[in-house]
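Commentary on secondary and tertiary structure
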Amino acid sequence: MSTNGTSTRVATAGKEAQPLLELRDVTTTFGHSADATVANDRVSLRIDEQPPRLVSIVGESGSGKTTAARSLLGLQPPTSGLALWRGKDIYKLSRQERMTFRREVQVVFQDPYGIFNPYYPINRVFDITIKKFKLASSKQQKQELIEEALKAVNLRPPDVLGRFPHQLSGGERQRVMLARAYLLKPKVIVADEAISMLDVAVRAVIMNILMDFKEQLGISTIFITHDLSAAYYLGGDIMVMQRGRAVELGPSISVMEDPKHPYTKLLLESIPSPDPDKRWDAAEMPASGLSMGGANRRFSRDRCLFAERCPFVMEHCWERRPPLIQIGEQQAACVLYENPQTTSLDDATMTTPHVSGIEREMVAS
Amino acid sequence: MVTTIQEPQPGTRRAQTAGNAPLLEIRNLDVHFNTPRGVARVVDGANLILHHNEIVGIAGESGSGKTTLVEAILQIIRFPNRVTHGQVLFSPDGRDPIDLMQISARDMRRLRGQHIAYVPQGSMNSLNPVVRIGEQIVEGMVDHGISERRARAKVPELLAKVGLEPMVAKLYPHELSGGMKQRVIIAIAIAMEPALIVADEPTTALDVNVQRLILETLHHLRDELNVAILIVSHDLPVHAQLVERIGIMYAGQIVETGDIRSTVKLPLHPYTEGLMGAIPSIGGSRDRLQGIEGATPSPLNWPDGCRFHNRCPHVMDICRSVQPLLAEIEPGKRKAPDGETVEVIPGRVVACHLYPESTPEGGR
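Quick caveat: nothing in here was measured; it's all calculated off a predicted structure.

1. Things to note about the overall build of chain B
- When its secondary structure is counted, chain B shows nine helices and 14 strands.
- Taken against the 2.2 N^0.38 rule, which gives 21 Å for 364 residues, the C-alpha radius of gyration of chain B at 21 Å falls within 12% of a compact globule.
- In terms of principal-axis extent, the alpha carbons of chain B reach across some 65 × 50 × 40 Å.
- Of the contacts formed within chain B by residues at least 6 apart in sequence, a portion of 66% connects residues at least 24 apart.

Quick look at the structure:
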């Protein structure tokens, strides 16, 4: 079964389920005319209110992950297509609606160092939130709310309250941001590379909190990361982006254990395994190590944007944009699956020989 | 030639050096800074050995002193009021080690670049944007006394060694991708055919497939140039793919060293164990990861005793007062902290009171 780019859906909810957040065929470009950078190219994504879910958006730098997230947050109006919250255009909300939207959709950004004003104690983050959204009517109620929120992220209130941002570690600051989000009892948290600046030992702590939020409080998370192993650990669903397009969607575990799109496979093969017994072997080296190769060939977006790096490339990959095709629970934008006999990359024939990236460039020189 | 990252065959390459002193030996190195708030003991009693033609990794959290340690090897710590003790013995030919802490700035400058190359963190962003790549490679060589003509002639060969085409020499930095810039930096580092390359976070901020290419480039260079490589990275999977031995750094000290396989499979120090337990792995178990609670302590005020005691799941009374020493653990079967019996192979070195060898005399 073939679908086009408009019906990209991660959620597989019932008919009546109301989409909470949705990107519908969103295209976002920066710059003008021929030089324009296409950051998002007809991206669609849907998060329902029920059931809560963890959705990871992964891809290399420049693949458009953050632009998609910013569109959902009301920070980046799409050039075309719609960013919707409860069926309404996020960029045309009334003042009242925007207030509710801001409450239901929370964000944790990448940099836990830049987000705090160094002149004020941590409490200010909570004070402003409580005041702005009128969460507490008395001082005592306010204190209780803050303490409850800090406990929800496994911080001891005396360790945090009254202290200044520089006295906390990166992991603690990121947890303060999660506690702030918790105060508002949001429906969804957008975490944009929220763990990438943290030490490995702390990353797990943050991911565990997001998983607990989902299980215990019904809060969904859109988790933007370049770290596929983090997405694997979180589970849920995944959207793999490449040069502005969603190239593969599906449950995280199945996508990573059996990637359908050659790009997903390349990404997975490049992830270093923490097991020294599973070292890379040149024989497995994907032919397309370098992202530069062939970039100038037929510079048109009306084709598969992975063609120049793809070991399975065929002539018609260059001719039109491949649609998203449903294969089991997964969807992949790859023409290989237009042949109904093909259900996995194992069925496909490679068209370019497997050589190491280094060797390839050396041959070229 | 096909580049393969795999275990080296022991003894195939070391024979080329004359003596048997290790290439680099760090003994009880301290790097302290006098700050307005007191003495920051950023590196405090660190020990590490690096053999000829070996790839060694240093791993640890941010703030553990990894970068300061390698800066001490290069003698490039510029912060005012530095106080350093200890020895950094360097022996490019395996004989008569030179203590880098004792030699003059002039001699150090000669060693640096010629025998020790340094790839600092984020250095790919420090290429001069208005100078062509080729000129920037030539510059370093000319500085170290090679004639401009010879330096120029060597550029294509250097670029080829890191897997770049000769035409890259004519380009400007903004025309290159991150991975290509990093390889240019490596080409500059190997220009003088050093015995040691020190690379600080060489793949941080690069995409995974570019990271793989850089790691394979480094591995390939080790085999081709007979060079030793010291890699600093917070990313354990990077070490697992590239290095032969690893040193785990915590709070200014190396708390565990050993060959990469056994350190990853059977971490002896609870901190190493915590690190290993915090890494998700694709296709591996999806059991809840533990992470390590708490933060790295401040170098202004390291905890007494074992510096990890306030975060350690196996903390004992002695840990709070007596500092464990880095010691080789007697090989053989022993009970792991979680009750399982494990086999400790020779050459495992750790500083932790769980192993009696680590407790100083009279400590108990």
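2. Some points on the interface of chain B and chain A
- On the chain A side, the residues contacting the 47 residues of chain B number 49 residues.
- Breaking the side of chain B that touches chain A down by element, the ones donating at least two residues are α6 (208-225), α7 (236-242), α8 (260-265) and α9 (270-276) of chain B.
- In terms of residue count, the dominant contributor to the side of chain B that touches chain A is α6 of chain B (eight residues).
- Class assignment for the residues of the side of chain B that touches chain A results in 22 nonpolar, 17 polar and eight charged.

3. Digging into the confidence of the model for chain B
- With 91% of its residues at a pLDDT of at least 70, chain B reaches an overall mean of 86.
- The model gives residues 1-15 of chain B a pLDDT under 50, and that stretch makes 25 contacts with residues more than four places away or in other chains.

4. A short note on the nonpolar core
- Residues I222 of chain A together with L196 and V198 of chain B are the most contacted members of the largest nonpolar core, which totals 194 residues.
- With 10 residues, helix α7 (residues 200-217) of chain A is the single largest residue contributor to this core.
- Setting aside its immediate chain neighbours within four residues, I222 of chain A contacts I47, V55, I57, A69, L72, V188, V190 and A191 of chain A.

5. Some words on unusual backbone geometry
- Residue P51 of chain A is bonded to the preceding Q50 of chain A through a cis peptide linkage, with omega at -10°.
- Tracing the backbone through its elements, the reader meets P51 of chain A in the loop between β2 (37-48) and β3 (54-58).
- You will see that E193 of chain A, though not glycine, has its phi angle at about 50°, which is positive.
- Summarising the element assignment, E193 of chain A is placed in the loop between β7 (188-192) and α7.
- According to the C-beta neighbour criterion, E193 of chain A is partly exposed, with 19 such atoms within 10 Å.
- Non-glycine residue Q75 of chain B carries a positive phi angle of around 55°.
- Tracing the sequence through the fold places Q75 of chain B in the loop between α1 (66-74) and β4 (82-90).
- We classify Q75 of chain B as partly exposed; it has 18 C-beta atoms within 10 Å.

6. A few points about the sheet that holds strand β4 (residues 80-85) of chain A
Residues and elements named next belong to chain A.
- Strand order in the open sheet formed by four strands is β2-β1-β4-β5, and the pairing between neighbours is antiparallel. Each end of this open sheet is capped by a strand with a single partner; those strands are β2 and β5 (88-89).
- As paired strands, strand β1 (residues 19-30) and β4 are joined by five bridges and run antiparallel to one another. What sits directly across from E22, in β4, is L84.
- Running at roughly 125° to β1, helix α1 (residues 65-73) makes contact with β1, β2 and β4 of the sheet.

7. Focus: helix α4 (residues 148-161) of chain B
Residue and element names in this part refer to chain B.
- For α4, which comprises 14 residues, the first-to-last C-alpha distance of 20 Å matches the rise-based estimate of 20 Å (1.5 Å per residue) to within 8%.
- At V155, α4 is deflected by roughly 35°, the largest bend along its length, and proline P156 occurs up to four residues later in sequence.
- Buried within α4 we find A151, V155, L158, L159 and K161.
- Elements that come into contact with the buried residues of α4 comprise α3 (133-143), α5 (178-190) and α6.
- Phi turns positive, to about 80°, at G163, one or two residues after α4.

8. Observations concerning the packing of helix α6 (residues 170-183) of chain A against α7 of chain A
All names here are of chain A.
- Their axes nearest at 10 Å, the elements α6 and α7 cross at an angle of 10°. As the angle between them shows, α6 and α7 are arranged roughly parallel. Packed against α6, whose contacting residues are G171, Q174, R175 and L178, the element α7 presents V202, V205, I206 and I209 at the interface.
- Split into classes, the residues belonging to the contact of α6 with α7 amount to five nonpolar, two polar and one charged.

9. Here we look at the environment of D347 of chain A
Residue and element names in this part refer to chain A.
- For D347, the position within the fold is in the loop between β12 (330-332) and α11 (357-364).
- For D347, a count of 11 C-beta atoms within 10 Å translates into the label exposed.
- Distance from D347 to L336, taken between C-alpha atoms, is 9.3 Å for residues 11 residues apart in sequence.
- If near-sequence neighbours (up to four positions away) are discounted, D347 is found in contact with Q341 and T342.

10. Details of the environment of L176 of chain B
All names here are of chain B.
- Mapped onto the elements, L176 comes out in the loop between α4 and α5.
- By the C-beta count within 10 Å, which is 19 here, L176 ends up partly exposed.
- If we ignore the near neighbours within four places in the chain, the residues touching L176 are L171, K181 and V184.

11. What to know about the sheet that holds strand β8 (residues 228-232) of chain B
Residue and element names in this part refer to chain B.
- Read across the sheet, eight strands follow the order β6-β7-β8-β3-β9-β10-β14-β11 without closing on themselves; strand pairing throughout is mixed. Looking at strand neighbours, the two that pair on one side only are β6 (116-119) and β11 (327-328), the edges of this open sheet.
- Sheet topology note: the strand β7 (residues 196-200)/β8 ladder contains five bridges and is parallel. Within β8, the position partnered with A199 by the bridge is I231.
- Sheet contacts for α1: β3 (55-59), β6, β7, β8 and β9 (245-250); angle to β7, the most-contacted strand, approximately 150°.

12. Details of the pairing of β2 of chain A
Residue and element names in this part refer to chain A.
- Of all the 12 residues making up β2, 10 are buried; the element is thus mostly covered by neighbouring parts of the structure.
- Examined bridge by bridge, β1 and β2 share eight bridges and lie antiparallel to one another. Bridging from a neighbouring strand, E22 pairs with R46 of β2.

13. Here we look at the pairing of strand β6 (residues 105-108) of chain A
Residues and elements named next belong to chain A.
- Neither face of β6 is exposed, since V105 and V107 on one face and Q106 and V108 on the opposite face are all buried.
- Pairing of β6 with β7, which is carried by four bridges, proceeds in the parallel orientation. Each residue of the ladder has a partner; that of V107, found in β7, is V190.

14. A closer look at the confidence of the model for chain A
- For chain A, the average pLDDT comes to 85, and 86% of its residues sit at 70 or higher.
- Across residues 1-15 of chain A, confidence stays below pLDDT 50; counting only partners more than four residues off in sequence or on other chains, it has 34 contacts.

15. Examining the environment of V131 of chain B
Residues and elements named next belong to chain B.
- In this structure, V131 sits in the loop between β6 and α3.
- Overall, the presence of 13 C-beta atoms within 10 Å leaves V131 in the partly exposed class.
- Taking the C-alpha atoms as reference points, V131 and L171, 40 residues apart in sequence, are found 8.7 Å from one another.

The rules behind the values
- Residues numbered from 1 in each chain as written.
- Chains lettered and ligands numbered in written order.
- Predicted model: local features only at pLDDT ≥ 70, side-chain atom pairs only at ≥ 80, totals over all residues.
- Helix = DSSP H or I, 4+ residues; strand = E, 2+ residues; numbered from the N terminus.
- Rg over C-alpha atoms; globule rule 2.2 N^0.38 Å.
- Contact = placed C-beta atoms within 7 Å.
- Nonpolar A, V, L, I, M, F, W, Y, C, P; charged D, E, K, R; others polar.
- pLDDT = per-residue confidence, 0-100.
- Core = buried A, V, L, I, M, F, W, Y, C linked by C-beta atoms within 7 Å.
- Buried ≥ 20, exposed ≤ 12 C-beta atoms within 10 Å, placed from the backbone.
- Pairing = 2+ DSSP bridges.
- Axes fitted to C-alpha atoms, helices over the stretch in contact; angles between N-to-C directions.
- Expected span 1.5 Å × (residues − 1).
- Bend = angle between axes of the 7 residues up to and from the residue.
- Parallel < 35°, antiparallel > 145°, perpendicular 65-115°, else oblique.

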